[in-house]
Amino acid sequence: MTGAERVRQAIKEANRKGRAALIPYLCAWDPDLATTRALLWALAEAGASVVELGFPFSDPLADGPTIQAATQRALRHKPTLEEFLEFVAGLYAEGYPLPIVVMGYYNPFFRFGLERFAREAREAGLCGAIIPDLPLEEARPWLREARRRGLASIMLAAPTTPAERLERIAQVSTGFLYYVSVTGITGARERLPEDLVLRLDLCREVSPVPVAVGFGIARPEQVRMLAPHAEAIVVGSALVKIVEAEGSRSPEKVKRFVKDLVSATERS
Amino acid sequence: MLPNKRGKFGPFGGRFVPETLMPALTELEEAYRRLRRDPGFRRELAWYLREYAGRPTPLYPARRLSEALGGHLRIYLKREDLLHTGAHKINNTLGQVLLARRMGKRRIIAETGAGQHGVATATAAALLGLECVVYMGAKDTVRQAMNVFRMELLGARVVPVKSGTQTLKDAINEAIRDWVTNVETTFYVIGSVVGPHPYPMMVRDFQSVIGRETRRQILKLEGRLPDMVIACVGGGSNAMGIFYPFVRDQVVKLVGVEAAGQGLESDRHSATLTVGEPGVLHGMLTYLLQDRVGQIKGAHSIAPGLDYPGVGPEHAFLRECGRAEYVAVDDEEALSAFRLLSETEGIIPALESAHAVAYLVKIADRLPRDTIVVVNLSGRGDKDVAAVRDYLSGKMA
């Protein structure tokens, strides 16, 4: 099975059980790699479906203060993509059950070499990538390499995306389509846009792949409200805040929180 | 004509931004392409440039500087330092803020490093009665406290940016985050020929009034084109502005001068084209100062306006195809030129512009008799006087 298929299957599996799939985000190396490993196992035990693992970048321009701070903590370790892939390969050697996709800004991948990254990602067992500063018009070289190695090329669509463009984005997205809930940057929000549910329904009509919704989703009530309208739900900053507060003691708390989120994914 | 439809100058440029901004960039590009041919808009911009900013600026024959350098050269200074707000930045901000008003955007945001672009944006926003928010690295707000006050006097709100290196690149990140959030109501005025398409093209077009005037003036004064045009390069807007109308004149040598800071081996410089490597930052593919992994490095120069780890994609292209040459001079060389121009011509240049003068000083001996050289004096040095005094007294102590 390719990486893209593994991601899609994991989401379908949750959907078959009458749930939206939960996709937690964490930033690798925040606060250190040993904690990241423990956190990833906690996510698996809590019932998450897919993991979005951030590779930190010095200039995270789509991220709010919470993930910016996580990035700063992670960058102290001077991480490399070689180490990132080694880490993922190590997890799968230990029998890690969930598909992992990387979320990272384009420059490190560009510098590593797209062909080399796709090849080595596949060897490591990484399932795909989300690159928030790589829109449709610039994505062709990456889409080609991702397709060749069966990696999920997860594209983003936003509330500002016109309908015709949304369709084109959905056509090239594999694994899932990432729908950005708000016009803005990442970070927990009190309120989500009122027309979000309507937009998600439109999005699912045109998308041949499952639709995940993310940005601003932090609480079980929000997950419960969105679960019937998306195949998957991404939660990031809310988890990163726990890691920020608890550091190496965070896995237990994260596990309990993610369990709560997962039980809110029931599509009743 | 460059850039192509996708905003590419050869392999450089493009639009590497979050999806949320893509429709706004398309809207901006369409509005700009329509208005730049619109006679009403062109007249309006020309009027403000003339009556408000003080264009055309003189092309001044620097005889005493020529003498000091051996007396064999014909040196001209393009006096952008005489413009309102003290630098070429106003050419661009008037253009963009007028465009914003035509597009019905009531809120202006900008980034600034040293504060020159912030002041020029706040000025244009005050002039046209629009709300203005300027993002500035927290470190820069301390170093350039007077410019913060200037912007506030002009009615702008200055937001200190505490993330990352707390300098210009982080101010740009924060301005982009604001834009992503308020894209419907807000116009982002970028200060240099950087960022996603159409900014590098649009800022170049607004700044190329410098080169068009220079071309006309030198033909009138000398009856021929210059042999060499020299300009400093941080993001590269004053250089692109003076180069662009000469790009097709192969006889004119174009030289961009970057900041070598404390030396190219020191890791304390801003010589992006000289020693950087291609990468993607702030929406564009261009040369960057970055480490092996692709993390962006901090930049340094005694001239705060050159202190940027990227450079306009069209410069990357001009370098790649050999049409322009890029060199670097260090802090000390720039300071000597700062003093030389002050003493010989009674013109205190901005430290940025002093880099261009410094390169001329360096190569003057090697140039043949009667070589016509134009140096773009992009800004005046009033803003730098205190910093230079501190630097010189520190060195003496």
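Residues numbered from 1 in each chain as written. Chains lettered and ligands numbered in written order. Predicted model: local features only at pLDDT ≥ 70, side-chain atom pairs only at ≥ 80, totals over all residues. Heavy atoms only, no water.

Q: Just give me the short version of the pairing of strand β8 (residues 211-214) of chain A, but keep the residues and values in it.
A: Residues and elements named next belong to chain A. Every second residue of β8 is oriented toward a common face, with V211 and V213 on one face and A212 and G214 on the other, all of them buried. In terms of strand pairing, strand β7 (residues 177-180) meets β8 through four bridges, oriented parallel. Its bridge partner lying in β8, L177 is registered against V211. What joins β7 to β8 is helix α9 (residues 196-206), and the crossover it makes is right-handed. With two bridges joining them, β8 and strand β9 (residues 232-235) adopt parallel strand pairing. Along β9, the bridge assignment pairs V213 with I233. Following the backbone out of β8, through helix α10 (residues 220-226) and into the adjacent parallel β9, one traces a crossover that is right-handed. (Buried < 20%, exposed > 50% of the residue type's maximum accessible area, 1.4 Å probe, protein only. Helix = DSSP H or I, 4+ residues; strand = E, 2+ residues; numbered from the N terminus. Pairing = 2+ DSSP bridges. Right-handed = clockwise from strand over helix to strand, strands pointing away.)

Q: Tell me about the nonpolar core, and name the residues and values.
A: Counting residues in each nonpolar core, the largest one holds 207 residues, and the members touching the most others are F84, Y96, F117 and W142 of chain A together with F243 of chain B. Once you skip the residues sitting within four places of it in the chain, W142 of chain A turns out to touch L114, F117, A118, A129, I131, L134, L151 and S153 of chain A. Counting residues in hydrophobic clusters, the runner-up holds 26 residues, among them L73, I75, V327 and A356 of chain B. (Core = buried A, V, L, I, M, F, W, Y, C linked by side-chain atoms within 4.5 Å. Contact = heavy atoms within 4.5 Å.)

Q: Quick rundown of the interface of chain A and chain B? Include the residues and the values.
A: Each partner contributes to the interface: chain A provides 37 residues, whereas chain B provides 38 residues. Buried area between chain A and chain B, summed over both chains or domains, comes out near 3,000 Å², and the portion from carbon and sulfur atoms is 52%. Among the residues chain A hides against chain B, the three largest losses belong to L61, R111 and E138 of chain A. Together they make up 24% of the total. At the surface where chain A touches chain B, the tally comes to five salt bridges. Taking the shortest distance from any N to any O, the salt bridge between R165 of chain A and E19 of chain B comes out at 2.8 Å. (Buried area = accessible area lost by both parts, 1.4 Å probe. Salt bridge = Lys/Arg side-chain N within 4 Å of Asp/Glu carboxyl O.)

Q: Let's hear about the environment of R101 of chain B: which residues, and what values?
A: All names here are of chain B. Take R101: it is sitting in helix α4 (residues 89-102). Taking the relative accessible area as the measure of exposure, R101 reaches 33% and is therefore partly exposed. When the C-alpha atoms of R101 and L273 are compared, they prove to be 35 Å apart, with 172 residues separating the residues in sequence. What R101 contacts, discounting residues up to four positions off in sequence, is E44, Y48, L128 and L130. Among the polar contacts listed, one links the side chain of R101 to the side chain of E44, at a separation of 2.8 Å. (Polar contact = N/O pair within 3.5 Å; in protein donor to acceptor, adjacent residues only side chain to side chain.)

Q: With reference to specific residues and values, describe the pattern of salt bridges.
A: It is possible for side chains bearing opposite charge to pair when their charged atoms get close. Following the criterion strictly, the structure yields 55 salt bridges over all chains and no others. As a salt-bridge pair, R219 of chain A and E221 of chain A come within 3.0 Å of each other at their nearest N and O atoms. Assessed through its relative accessible area of 44%, E221 of chain A is described here as partly exposed. Among the ionic pairs, K362 of chain B bridges to E333 of chain B, the shortest N-O distance being 3.2 Å. Here the residue K362 of chain B occupies a position in helix α15 (residues 351-363), and E333 of chain B occupies one in helix α14 (residues 331-345), the gap between them amounting to 29 residues. Put simply, E115, R119, E145, R148 and R149 of chain A are held in one network by salt bridges that share partners.

Q: Tell me about the sheet that holds strand β2 (residues 51-54) of chain A, residues and numbers included.
A: Residues and elements named next belong to chain A. Reading across the sheet, the nine strands line up as β5-β4-β3-β2-β1-β9-β8-β7-β6 and stay open at both edges, with parallel pairing between neighbours. One side of each edge strand has no neighbouring strand; the edge strands of this open sheet are β5 (152-154) and β6 (156-157). Looking at chain direction, strand β1 (residues 21-27) and β9 are connected through four bridges and run parallel. When the bridges of β9 are listed, A21 appears paired with A232.

Q: Requested: an account of a nonpolar patch on the surface, with residues and values cited.
A: Among the surface-exposed residues, M146, F149 and L153 of chain B lie close enough to one another that they form a single nonpolar patch of about 360 Å² accessible area. Of note, F149 of chain B is situated in helix α7 (residues 145-153). (Patch = residues over 30% accessible without salt bridge, like charges linked within 9 Å, V, L, I, M, F, W, Y side chains within 5 Å. Areas by Shrake-Rupley, 256 points an atom, 1.4 Å probe, with all protein chains shown as cover.)

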